Amino acid sequence: MKKLIALVLTVAMLLTLTAAMAEGDRVTITYSYWGTPEESASTQAVLDQYNASQDKVTVELMCIPNEQYTTKLNSMATAGELPDCGIMNENGLLAFANAGLLADVSTMYDNSDSKPLECLTFKKDGETPVAYSGCNEILMLYYNKDMFDKAGVAYPSATADGAYTWEEFIEVAKKLTLDKNGKTPNDADFDANSIVQYGCVIDNWTWQLEVWAQSNGGAWFSPDGKECLINSPEAIESLQKVADLTLKEHVMPLYLGLADEGIVRSVASGTVAMATGGAWNMGTCMSGSGINFGIGVLPYMKEKVTACTSGPQVVFAQSKHQREAMDFIAWYTKEENSWGLIDSGIWMPLLEKYYTDSTAMDTWLKSENFPIKDYDMAKAVLVDYTKDYAKSACWYYTPNTSDFIDLLRSVLSPVWSGDSTAEEAINANYEALKASIEDF
Amino acid sequence: MKPVHSINRMHSAETRTAWLCLIPSVIGLVCLTYIPLIAVIGLSFFNWKGITAPQFVGIANYIRLFTVDPYFIDSIKVTVYYAALSVIGSLIFSLIVAMLLNRKVPARGFFRAIFYLPYVLPAMAVYLGWSWLYDNTHGLLNYVFNQMGAGKILFLADEKLAVPSLSLIAVWLSGNLIVIFLAGLQNVPRVYHEAAEIDGANGFQRFWNVTLPCMTPIIFYNLLMALITNMQVVTPALALTSGGPGNATCFMSYLMYRYAFISNKLGYACAISTIFFLLIGIFTLLLFATSRSWIFYEGDDAK
């Protein structure tokens, strides 16, 4: 009897041991994500798929409620307990990198068949890649086709070659602005106080204004993110040009840029003929708006340019398994894993092959659910324009942009309402604006 | 001697039970209120961004707040301005509505529900709805004004009008005050009204000399609660204005939130909290100090 028990125990022990050894081959890494466990169920499903697809790495999901995310990461950083990799907010990213908390990810996509677009690389001091975005977004022009047809005006161009100059843009906007008697700003008896349809909206939700400084041949920051150039004549003039659409030309409704809703309150609500917006708006509000809309490239002042951005996926420097974490992120950010967001038009693909390889491109733009049915239009704006004219938004290379953008929003209010000029407002507040990107 | 002794023992037993019963709430109060409060005051003397260890900087945070900070002084002004407008507005509005609802109007229950309803609606939905009413170009209010030929009113886009416009929403949201006022009104003794009526007092005189004095304890309570709630205002700035136009709606709680959770300057945000705490404390003390002179308690001989 005793022998039997001993035998059973030995066998049991051996079994446990082998099981433990099999487990021991696998490296466990953690991936942090914002959201409650219920909200993150789909992310968990993707992780399960990864864990089942290979036998080297087990990825565990760490769910942190959205509103506590950065605070929690900060305290984990202090305690040296950061996860191996995770999603982050683009605003706090470079401060994290400057504190030495992010791994250099230049080799992240080495084992992958395609790399992310260059403009989607977050660079410490404008040089070292410390993160890639999880997808892509660009700024573009949305327009209401019915309003253009009614006014007998040709649609805005989908190719950069035919992009409106700023003056052409104003001319077209004037033809599409109507007061309650149907008069346009070109008519002598036009009543600017009773406009029922506006020609255009340049979204002045603060960060989206950077692209106009670049369009006018300027910038907000130097390429290493250390110098604030918003007081350059080009940058100031670009802000004034946007403000003048409302103040002088009467083709744009008065917005103070205080909320992120430019497109919702303009083209999507059927009150404005054309408006700038992010590519995500195709899926988030335009496709369900019932508006017969089209997309085109942004007008330009001196140089054709658009902004691109999206939230980063990082590997933390404290991780002991950086290679595994990088391989996982490279796999995780593959478009197939977020296809629902991509084919509904909310996300644009991250990897270069979708912008260069026609097979990959077609799976995206010819997808049945894709909101833009006109293939040539979609390809011209979303592929060619992105590939040739997209520039990284400021947080890809400048730390502490959130303080800068908040302050700029407050500084620009009187510019939009016409109480002061862009030059007065920026020069009066330049020192404070400059100080806001320096950490205190 | 014996009875006294037993009374003493009974007292001490009661005291013990009282203390035992108080323990849970005292633990809660200490752990969730006092310790965090002291921690916040302590942290306000540190430069702490969350990522690195806190670094003692003395009163540097406070000096920066009052000298260099581009928002802080404005934020104190607008918070006090908003609180004053909202508190006075909502007290007057809810007292009037409560008195109307206290009369025998038809469908009284329905109207009571209607006036209470805004208070239970989700804040985000309320502010979004109002933002469409207030919209500069396509808003309902501006449409109406335009039809009347009155021109445009930039409710949220004008630095001078932004705070009053938001206060109006706060007044509209004051359903809870109405309920408390209603309860108070029902406790005003009928005999006083009858006596005043026999003496020939008209409606206004009865309101001024009977209803109002009897309501002062309730008014004081509502005043205090409304003051504290409205000083802590943050949702409209988050939902509608992002603190603008300019700094016109950059309320202290909103500024604190932005520094603490968006730019991760936790020590600095704690300094704002500390000043905010002192400010609310001062206002509350002022209210209590003046309360003796204007609150009428029934059966109180001191008056």
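Residues numbered from 1 in each chain as written. Chains lettered and ligands numbered in written order. Predicted model: local features only at pLDDT ≥ 70, side-chain atom pairs only at ≥ 80, totals over all residues. Heavy atoms only, no water.

## Observations regarding the layout of surface pockets
All names here are of chain B. Operational definition: Only protein atoms enter the 1 Å grid used here, on which a cavity is any set of points holding a 1.4 Å probe that cannot leave and a pocket is any open set flanked by protein within 12 Å on both sides along at least five of seven lines; residues with an atom within 4 Å of a point are listed as lining. Grid points are joined across faces, edges and corners, and a volume is the space filled by probe spheres set on the points. In this description a helix means any DSSP run of H or I spanning at least four residues, a strand means any run of E spanning at least two, and both kinds are numbered starting from the N terminus. In this classification, Asp, Glu, Lys and Arg are treated as charged, Ala, Val, Leu, Ile, Met, Phe, Trp, Tyr, Cys and Pro as nonpolar, and every other residue, Gly included, as polar.
In this structure, the second largest pocket spans a volume of roughly 660 Å³. For the second largest pocket, the lining is made up of 16 residues, of which Asn102, Arg103, Arg190, His193 and Arg206 are closest to its centre. Listed by contribution, the elements that provide at least two residues to the lining of the second largest pocket are α3 (72–102), α8 (175–186), α9 (190–198) and α10 (203–231). Considering only residue class, the lining of the second largest pocket consists of four nonpolar, five polar and seven charged.

## Examining the packing of aromatic side chains
Residue and element names in this part refer to chain A. To keep it simple, the criterion reads: Stacked, tilted and edge-to-face are the three classes applied to pairs of Phe, Tyr and Trp rings, where Trp contributes its six-membered ring and a pair requires centres within 6.5 Å; stacked means planes under 30 degrees apart, edge-to-face means over 60, and tilted covers the rest. Residue burial is assigned from relative accessible area. The probe radius is 1.4 Å, only protein chains are included, and a residue is buried under 20% of its type maximum, exposed over 50%, and partly exposed in between.
Tallying each qualifying case throughout the model produces 41 aromatic pairs over all chains. Pairing Tyr109 with Tyr132 gives two aromatic rings, centres 5.4 Å apart and planes at 85 degrees, and the pair type is edge-to-face. You can see Tyr109 sitting in the loop between α4 (93–98) and β4 (121–124) and its partner Tyr132 sitting in strand β5 (residues 128–133), a full 23 residues away along the chain. When sorted by exposure, Tyr109 lands in the same class as Tyr132, which is buried.

## Structural notes on the environment of Gly340(A)
Looking at the secondary structure, you find Gly340(A) in helix α11 (residues 339–343). Separated by 30 residues in sequence, Gly340(A) and Phe370(A) place their C-alpha atoms 10.0 Å apart.

## Quick notes on the domain arrangement of chain B
Residue and element names in this part refer to chain B. In plain terms, the rule: Where a domain begins and ends is set by an automatic assignment or by a domain database. The term buried area means the drop in 1.4 Å probe accessible area that two parts suffer when joined, counted for both and summed.
Structurally, chain B comprises domain 1 (1–43) and domain 2 (61–291). The distance between the C-alpha centroids of domain 1 and domain 2 comes to 36 Å. In total, about 410 Å² of surface goes out of reach between domain 1 and domain 2, with carbon and sulfur atoms giving 78% of it. The largest contributions to the domain 1 side of the interface with domain 2 come from Val40, Ile41 and Leu43, which together make up 81% of the buried area.

## Quick look at the domain arrangement of chain A
Residues and elements named next belong to chain A. Put simply, the rule reads: Within this document, salt bridges are pairs made up of a side-chain nitrogen of Lys or Arg and a carboxyl oxygen of Asp or Glu, the two lying within 4 Å of each other. Whenever a nitrogen or oxygen atom comes within 3.5 Å of another N or O atom, the pair is scored as a polar contact, on the condition that within protein one atom can donate a hydrogen and the other can accept it, and that pairs from neighbouring residues in sequence are kept only if both atoms are in side chains.
The domain boundaries assigned to chain A delineate domain 1 (26–136 + 311–372) and domain 2 (137–309 + 400–438). A buried area of about 1300 Å², summed over both sides, lies between domain 1 and domain 2, and 62% of it is on carbon and sulfur atoms. Of all residues in domain 1, Asn91, Ile346 and Ile372 bury the most surface against domain 2, accounting for 34% of the area lost on that side. Connecting domain 1 to domain 2 are one salt bridge. Here Asp125 and Lys226 are joined by a salt bridge, their closest N and O atoms 3.5 Å apart. Summed over the shared surface of domain 1 and domain 2, the result is two residue pairs in polar contact (both at pLDDT 80 or more). Looking at the side of domain 1 that touches domain 2 residue by residue, the class counts come to 10 nonpolar, five polar and one charged.

## Quick word on the sheet that holds strand β8 (residues 195–201) of chain A
Residues and elements named next belong to chain A. This is how it is decided: Two strands qualify as a pair provided that DSSP identifies no fewer than 2 bridges between them.
With respect to topology, five strands assemble into an open sheet ordered β7-β8-β9-β6-β10, the strand pairing being mixed. Either end of the sheet is taken by a strand with one partner, and the two such strands are β7 (178–179) and β10 (293–296). Pairing geometry for β8 and strand β9 (residues 272–278), over three bridges, is parallel. Across the sheet, the residue bridging to Tyr198 is Val272, located in β9.

## Some details on the sheet that holds strand β1 (residues 27–34) of chain A
All names here are of chain A. Selection criterion: Throughout, an axis means a line fitted to C-alpha atoms (over the contacting stretch in the case of helices), and angles, computed between N-to-C directions, take values from 0 to 180 degrees. Pairs of residues are marked as contacts when any of their non-hydrogen atoms sit within 4.5 Å.
If you trace the six strands from one edge of the open sheet to the other, you get β2-β1-β3-β12-β5-β4, paired in mixed fashion. The open sheet terminates on both sides in strands that have one partner only, identified here as β2 (57–64) and β4. On average, each strand axis in the sheet is tilted by 25 degrees relative to the strand beside it, whichever way the strands run. Relative to the sheet, helix α2 (residues 41–53) contacts β1 and β2, its axis offset from that of β2 by approximately 170 degrees.

## Things to note about the environment of Ala97(A)
Residue and element names in this part refer to chain A. With respect to the helices, strands and loops of the structure, Ala97 is situated in helix α4. Considered as a pair, Ala97 and Ile170 are 73 residues apart in the sequence and their alpha carbons are 42 Å apart. Filtering out sequence-adjacent residues up to four positions away, Ala97 remains in contact with Leu102, Lys124 and Val130.

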